[in-house]
Amino acid sequence: MAGLVTTMGAGAMTNSIGEIRDVDFLFVIGSNTTEAHPIIAMEMKRAVRRGAKLVVADPRSIWLTEIADHHLQLRPGTDVWLLNAMAHVIINEGLINEKFIETNTEGFEAFRDKVANYTPEEAEKITGVLSHDIRKTAIEYAKTKKAGIYYTLGITEHSHGTDNVYALSNLVLMTGHLGYPSTGMNPLRGQNNVQGANDAGATPMYLPGYQRVDDPEVHKKYEESWGTDFPSKPGLNLNEMIKKVGESVYGLFVMGEDIVLSEPNVCQLEEGMNNLDFLILQDIFLNGTSRFADVIFPGASFAEKEGVFTNSERRVQLVRKAIDPPGECRADWEILLAFANACGAEWSYSSPKEIFREMVKDAPKFAGLSHDRLEKEGGLHWPCTDENHPGTKYLHEGRIMRGKGKLMPVDYRPSVESENSEYPLILSTGRTLYHYNAATQTRRSNGLNLKQPDAFLQIHPKDAGKRNIQDGDLVKVFSRRGEVICRALLTREVRKGCAWMPFHFMEARANVLTVDEGDSVTGTAEYKVCAIEVSKN
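Rules used in this analysis
Residues numbered from 1 in each chain as written. Predicted model: local features only at pLDDT ≥ 70, side-chain atom pairs only at ≥ 80, totals over all residues. Heavy atoms only, no water. Phe/Tyr/Trp six-rings, centres within 6.5 Å; stacked < 30°, edge-to-face > 60°. Buried < 20%, exposed > 50% of the residue type's maximum accessible area, 1.4 Å probe, protein only. Lys NZ or Arg CZ within 6 Å of the ring centre and 35° of its normal. 1 Å grid on protein atoms, 1.4 Å probe; cavity = no way out; pocket = protein on both sides within 12 Å on 5 of 7 lines; lining within 4 Å. Points joined across faces, edges and corners; volume = space filled by probe spheres on them. Helix = DSSP H or I, 4+ residues; strand = E, 2+ residues; numbered from the N terminus. Axes fitted to C-alpha atoms, helices over the stretch in contact; angles between N-to-C directions. Parallel < 35°, antiparallel > 145°, perpendicular 65-115°, else oblique. Contact = heavy atoms within 4.5 Å. Nonpolar A, V, L, I, M, F, W, Y, C, P; charged D, E, K, R; others polar. Expected span 1.5 Å × (residues − 1). Arc of directions from axis to C-beta. Disulfide = S-S within 2.5 Å. Pairing = 2+ DSSP bridges.

Asker: Is there a simple way to explain the packing of aromatic side chains in this structure?
Answerer: Aromatic ring pairs are defined here through the distance separating the ring centres and the angle between the ring planes. Counted by the stated rule, this structure contains 14 aromatic pairs. Ring centres of Tyr206 and Tyr210 lie 5.8 Å apart, and the angle between their planes is 70°; this geometry places the pair in the edge-to-face category. The exposure classification of Tyr206 matches that of Tyr210, with both residues buried. Of note, Lys45 hangs over the ring of Trp63, and the distance from its end group to the ring centre comes to 4.3 Å. Between Arg212 and the ring centre of Tyr206, over which it is positioned, the NZ or CZ distance is 5.6 Å.

Written out as structure tokens, the structure is:
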């Protein structure tokens, strides 16, 4: 979000999901789409069956690489080198869109000078991707009119994640693949309604509609609208907040998250949580964080409440209550309303409809949205600026939302950790098809547990052979921060010298191992590069 707001003015997919089937060149990077976003992956498969070219850039072999024209199996954390080298090729081959750059962008000269030394030959040494494949991918992307980029946490969960997004955005802006169907820059959101949470201002730097909290005019507008004073400086991001737990943060309110499973370097986090004065947990099930909670507010599930969800393509949709919540469970808004009033807030909201009306009235991108309209017309894509606006299936048509797209010169910065003699393997973590996020819900399903009952570590057979590890052996995986025990899965899907592990399992928490250093802009932790060693248990 932060990278795209900076370069284009909107932190979301530029194009809609249905357009993917008509894309002629798909560049999928840092996304195991078939497992993390299977519905979107179906559209990608349709495009390939129709004849579209597909290039996958990922350290692992994934299902999409089986149908891809090229698999750029880069070393983890070297994305900027790969992307800058592609930009270098596009410039040297004379494939930039000069008219688009002149009319719609700024900063091209500084960007051009920056990538001048990022040759494909040098990129091969750093990334491990053949220079020929880099050249071929860059030329095909630049020459294909309907070319789309698709990425997710494999790009952003790095200490230089925002730089990765800038480098991808540069490719879009220099080629003009923006502002018309089946093109663009498309981050695939990691959880349902995470787009909606950001839209609503659930970040430390933005008010609803991506309006900066430190913009004096915006700040004044909201103080008058809400009738209250509030800070004019951004608060702590998640990574900063988590690091201060038990030190300068002594009260914590956790909603819908199992932080002792999903946050990096969780052993250190748990030490801080033991020093908290008070922890509130709000969720639909008990989870690992529950044991630290002083009080638990039982929430209602999606099927037990009314409201609005916004999906990855910016489509705002109504969620309708199907059943009553059990026991003392309440909808999240009802819990927050009661809690705020117990603290003296004197809020008087009576429904999600009323809350949504307040959210959109001062946010120009959402001003045309309402529960009544969504009820009549179905889902609508923002921007939707007035009640007669039809919604926007793809962004930046005719004009980039920030005025002019900003080309951002970025240099490669190594990841926080690299392999050495003590920790000679690089671990990445991620999701699988059968479990979702912290698995608070999915591990309660017998069918899903039968499909994937326990944690595992993917390791290359040659790396396993050096350690006398057989397929299915229990192994100890350890980093500078801790160790876990899980089952070894020998596979050539991972590069030699690399390993991969899902983070869904409380009994083998991958995030005991991971690095908690965050991106300098967003604070997003480096889940994708962590130095480890493995031994037979």
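The discussion continues.
Asker: Looking at this structure, I do not really get the layout of surface pockets. What am I missing?
Answerer: A water-sized probe, rolled over the atoms, reveals where empty space remains. As a volume, the second largest pocket reaches approximately 580 Å³. Forming the walls of the second largest pocket are 27 residues, and the residues nearest its centre are His37, Arg189, Gln191, Asn192 and Asn311. Mapped by element, the contributors of at least two residues to the lining of the second largest pocket are helix 2 (33–36), helix 3 (38–50), helix 11 (194–199), strand 12 (307–310) and strand 13 (315–319).

Asker: Is there a simple way to think about unusual backbone geometry in this case?
Answerer: One can expect most non-glycine residues to show negative phi and most peptide bonds to be in trans. The omega torsion of the bond from Trp382 to Pro383 falls at 0°, within 30 degrees of zero and hence cis. Even without being a glycine, Tyr210 presents a positive backbone phi close to 60°. Here Tyr210 shows up in the loop between strand 7 (206–207) and strand 8 (211–212). Exposure remark for Tyr210: the relative accessible area of 8% places this residue in the buried category. A positive phi angle, near 55°, is found at Asn437, a position not held by glycine. Judged by relative accessible area, Asn437 falls into the buried class, the value being 8%.

Asker: Help me out: how do you make sense of the packing of helix 4 (residues 79–92) against helix 6 (residues 108–115) in this one?
Answerer: Axis angle and axis distance: for two packed helices, these are the angle between their axes and the distance between the axes, and together they describe the pair. Two elements in contact, helix 4 and helix 6, have axes separated by 9 Å at closest approach and are oriented at 110°. Here helix 4 is positioned roughly perpendicular relative to helix 6, judged by the angle of their axes. On helix 6, the residues that touch Asn84, Ala87, His88 and Ile91 of helix 4 are Phe108, Phe111, Arg112 and Val115. Residue composition of the contact of helix 4 with helix 6, by class: five nonpolar, two polar and one charged.

Asker: For this particular structure, what's the right way to read helix 3?
Answerer: Since the α-helix advances by 3.6 residues per turn, residues separated by three or four positions end up pointing in the same direction. Along its 13 residues, helix 3 runs 18 Å from first to last C-alpha, staying within 8% of the 18 Å computed at 1.5 Å per residue. For helix 3, the set of buried residues is Ile40, Ala41, Glu43, Met44, Ala47 and Val48. Looking straight down helix 3, one finds that the buried residues subtend no more than 155° of arc, so they occupy a single side. In helix 3, the exposed residues that point more than 90 degrees away from the buried face are Ile39 and Arg49. Next to the buried residues of helix 3 lie strand 1 (25–29), helix 2, strand 2 (53–57) and strand 5 (147–151). Phi turns positive, to about 120°, at Gly51, one or two residues after helix 3.

Asker: Is there a simple way to explain the state of the cysteines in this structure?
Answerer: Covalent bonding between the sulfur atoms of two cysteines defines a disulfide. One pass over the full model with this rule turns up zero disulfides. Lacking any disulfide linkage, Cys267 is separated from the closest cysteine sulfur, that of Cys530, by 12 Å.

Asker: Looking at this structure, how should I read the sheet that holds strand 6 (residues 185–187)?
Answerer: To summarise the sheet geometry, strands pair through backbone hydrogen bonds and adopt either a parallel or an antiparallel arrangement. The sheet built from five strands is open, its strands ordered 3-2-1-5-6 with parallel pairing. Of all the strands in the sheet, the pair left with one neighbour each is strand 3 (70–72) and strand 6. Averaged over all pairs of adjacent strands, the angle between their axes in this sheet comes to 20°, without regard to strand direction. Here strand 5 pairs with strand 6 via three bridges, running parallel. By the bridge assignment for strand 6, Ile149 is matched with Met185. Against the sheet, helix 10 (residues 161–175) makes contact with strand 1, strand 5 and strand 6, and its axis sits at roughly 170° relative to strand 5, the strand it touches most.

Asker: Please explain the sheet that holds strand 13 as it appears in this structure.
Answerer: Ordered by their spatial adjacency, three strands build an open sheet running 12-13-14, and the pairing between neighbours is antiparallel. Edge strands, defined here as strands with exactly one partner in the open sheet, are strand 12 and strand 14 (380–381). Examined bridge by bridge, strand 12 and strand 13 share four bridges and lie antiparallel to one another. What sits directly across from Phe309, in strand 13, is Gln317.

Bear in mind that shape data such as this cannot, by itself, settle questions of function.
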